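Descriptive structure summary
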Amino acid sequence: MIPDNDPVRLLNACVEGMDLSELYKTYTRVPKNLATPKQLFKIVVYAAMNGIYSSRKIEAACRQNINYMYLLEGKPAPDNTTIARFISLHLAQCSKELMSESTWLLRRNGLISSEVVFIDGTKIEANANKYTFVWKKAVTKNQARMLEKVAELIAVCEEMYGIRVAYNDRISLGTIKMLVRELDKICQKERVVFVHGSGKRKTDLQRFAEQAGEYLKRMEEYVYKLDVCGDRNSYSKTDHDATFMRMKEDAMLNGQLKPAYNVQHAVDAGFVTWVDVSSHPGDTLTLCPMLADMEKHLHFRYRDIVADAGYESEENYLYLENNGQASYIKPTNYEISRTRKYKTDIGRRENMSYDKETDSYTCRNGKKLNVCGTRRSRTTSGYVNVSTIYRCSECSGCPFKRKCIKGNNCNTPMEERSKVLYVSKTKEEKRAENLKRILSDYGTQLRMNRSIQAEGTFAVVKEDMGFRQYLYRGKDNVLAESVLVAIAYNVNKLHWKIQSQKSGIRLYELKKTA
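These notes cover the structure that comes with them. (Residues numbered from 1 in each chain as written. Predicted model: local features only at pLDDT ≥ 70, side-chain atom pairs only at ≥ 80, totals over all residues. Heavy atoms only, no water.)

1. Some details on the sheet that holds strand E10 (residues 360-362)
What counts here: Pairs of strands are assigned from DSSP output, requiring at least two bridges between the strands. Secondary structure counts use DSSP, requiring at least four H or I residues in a row for a helix and at least two E residues in a row for a strand, with both numbered from the N terminus. For every element, the axis is a line fit to its C-alpha atoms; helices are fit only across the contacting stretch, and the angle between N-to-C directions ranges from 0 to 180 degrees.
Here we have 5 strands laid out as an open sheet, ordered E9-E10-E11-E12-E13, and antiparallel in their pairing. Whereas interior strands pair on both sides, the edge strands pair on one side only; in this sheet they are strand E9 (353-355) and strand E13 (420-423). Each adjacent strand pair in this sheet contributes to an overall mean axis angle of 35°, direction not counted. Direction of pairing for strand E12 (residues 384-392) relative to E13: antiparallel, over a ladder of 4 bridges. Bridge assignment links threonine 388 to a residue of E13, and that residue is valine 423.

The structure is reproduced here in structure tokens:
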């Protein structure tokens, strides 16, 4: 009853060609007379192919749809709890191995190039309430205010009871714990009876002990929240791995932040060959960990890495170079550098003449900007950027000063200010090499293909497959969902390529203009 060219037959053949030993290792005992792990994997992937992600809807489809019955091979339909536990307890433990198997299946059949990969990311909303936010900046500010009150309490206790708990004026969680212990000892020694309720007068010792206990609880709460935040600026109380990010889907049209994950796709010949999930809102910090993870699980290395401007950084340039890979990353200033306003801005370093021998720039007024020092800055990942500082010492009386020196967020009057440039020579050198590559005919073709292939995967996943929000919580479960969607996308893509006889296309050719 099922046509020979139905996608369900292609899915069945693909899964049969995969090694699912890692999935079976997550079971201590494979149930008999019930759906096997392989059959469960088939039905959840097929459900994702058709835009079904709810375990209850998958259960209903297994009872009503002949295609799901075909995949179950006569076994009884699993209930929604079995399906949900399969994803969260079993699939989440081996999602990367299954993604690797899916990619190797494509590679064995010659469907991907294994040389060029297009990388892009998108934000998908987490299964968390949008008002359960914890902001790192607010926690730090409240902690600092509380520590001031703790310092006052310690000073009073040291004067009244002669206890010594703070050393070198540093107050930590251990300091507050010591204060609580010392006050408890004094209360026991003086046999203080704690009173509560209206009409009861508390002693000074009781008030101090209760204050110290309250400060201890609050300090433990602040330490826990900062530990969960890590190097992020926020997290959700519902899903601690989710970070509040600015989404394109904004129902209130007020730039509201929502708990989400930054999902990264590596695309080769139109197929998603790797998936990564990050809690960082920006794409810059996701490139190096993703490439390292790909090489570890796929056991081969892509030669050309193509990405948009969100991935440009000195750290990423050097990582690709040291790894023997060619970067085709659009510079962040690529589009704006082609405008007339940019080219005529006399305050920009690119529009000043540079003397390599003296290592100095010359401004529009003919004055020299010489090296006066260096500045080091550390990124979130720990990489140290070194920038050379160039300063002009003859800016007074310059007729171009208002056009050259921009910005009013400085307390120094304009008459006393001088032109300063911060230049990362390593980044500029790597950017120039990268720009030369992307402006070549081959680089132009890769950039055109990136917009079609990498961005196209998210368009299909979000719009056609209807995947816009996660149903599970926690980074491992979210990654498992993302892998399911990616494998389902690949099967749909392969079915389309076979039917349209385009399975041999790796890169689209540039259109030739007359």
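2. Observations concerning a positive patch on the surface
Condition: In this analysis, a patch consists of residues with relative accessible area above 30% that form no salt bridge, clustered at 9 Å for like charges and at 5 Å for the nonpolar side chains Val, Leu, Ile, Met, Phe, Trp and Tyr. The protein chains shown are the only cover counted for residues, whose accessible areas, like all others here, come from Shrake-Rupley with a 1.4 Å probe. Salt bridges are counted wherever a side-chain nitrogen of Lys or Arg sits within 4 Å of a carboxyl oxygen of Asp or Glu. Here Asp and Glu are counted as negative and Lys and Arg as positive; His is not counted, and neither are the chain ends. The atom standing in for a charge is NZ when the residue is Lys, CZ when it is Arg, CG when it is Asp and CD when it is Glu. Burial classes: relative accessible area under 20% of the type maximum marks a residue as buried, over 50% as exposed, and values in between as partly exposed (1.4 Å probe, protein chains only).
Together, Lys137, Lys141, Arg145 and Lys149 make up a positively charged patch on the protein surface. On the secondary structure map, lysine 141 appears in helix H8 (residues 136-161). On the basis of relative accessible area, lysine 141 is assigned to the partly exposed category, the value being 45%.

3. Quick word on the pairing of strand E6 (residues 271-278)
With 8 of its 8 residues buried, E6 lies for the most part within the structure. Of the strand pairs in this sheet, strand E5 (residues 257-268) and E6 are connected by 7 bridges, and their pairing is antiparallel. Looking across to E6, one finds that valine 267 is bridged to valine 272. The hairpin formed by E5 and E6 contains 2 residues between the paired strands, and alanine 269 there has a positive phi angle of roughly 60°.

4. Digging into the packing of helix H7 (residues 95-108) against helix H11 (residues 287-298)
Using the following cut-off: An angle below 35 degrees is read as roughly parallel, one above 145 as roughly antiparallel, one from 65 to 115 as roughly perpendicular, and any other as oblique. Contacts between residues were defined by any pair of non-hydrogen atoms, one from each residue, lying within 4.5 Å. Classes in brief: Ala, Val, Leu, Ile, Met, Phe, Trp, Tyr, Cys and Pro nonpolar; Asp, Glu, Lys and Arg charged; the others, Gly included, polar.
Orientation of H7 relative to H11, taken along the N-to-C sense of each, is 70°, at an axis distance of 10 Å. In terms of orientation, H7 lies roughly perpendicular with respect to H11. Where H7 approaches H11, its residues Lys96, Glu97, Ser100, Thr103 and Trp104 are matched on the opposing element by Asp293, His297 and Leu298. Taken together, the residues of the contact of H7 with H11 break down into 2 nonpolar, 3 polar and 3 charged.

5. Structural notes on the pairing of strand E8 (residues 326-329)
To keep it simple, the criterion reads: If the strands point away from the viewer and the path from the first strand over the helix to the second runs clockwise, then the crossover is right-handed.
The side-chain alternation of E8 yields two buried faces, one formed by Ala326 and Tyr328 and the other by Ser327 and Ile329. Examined bridge by bridge, strand E7 (residues 304-307) and E8 share 4 bridges and lie parallel to one another. Looking across to E8, one finds that valine 306 is bridged to tyrosine 328. In this view, the connection linking E7 to its parallel neighbour E8 by way of helix H12 (residues 314-322) has right-handed handedness.

6. Side note on the pattern of salt bridges
All told, the structure shown has 25 salt bridges when counted by the stated rule. The salt bridge partner of aspartate 304 is arginine 303, with a shortest N-O separation of 2.9 Å. Accessibility expressed as a relative area gives 3% for aspartate 304, which makes it buried. The class of arginine 303 is partly exposed, set by a relative accessible area of 40%. If you follow the salt bridges from partner to partner, you end up with Glu16, Lys38, Lys42 and Glu73 in one network.

7. A short note on the packing of aromatic side chains
Under the convention used in this document: Only the six-membered ring of Trp is used, alongside the rings of Phe and Tyr, when aromatic pairs are assigned; centres must lie within 6.5 Å, and planes under 30 degrees apart are stacked while those over 60 apart are edge-to-face, with the rest tilted.
Inspection of every chain in the model, using the stated rule, returns 13 aromatic pairs. Here the aromatic rings of phenylalanine 133 and tryptophan 135 are separated by 5.7 Å at their centres, their planes lie at 35°, and the arrangement is tilted. Overall, the relative accessible area of 37% leaves phenylalanine 133 in the partly exposed class. Its relative accessible area of 28% is what places tryptophan 135 among the partly exposed residues. Ring geometry for tyrosine 328 versus tyrosine 442: centroids 5.8 Å apart, planes at 85°, classification edge-to-face. Residue tyrosine 328 is located in strand E8, and its partner tyrosine 442 is located in helix H16 (residues 441-464); the two are separated by 114 residues in the primary sequence. Relative accessible area serves as the criterion here: at 29%, tyrosine 442 is assigned to the partly exposed category.

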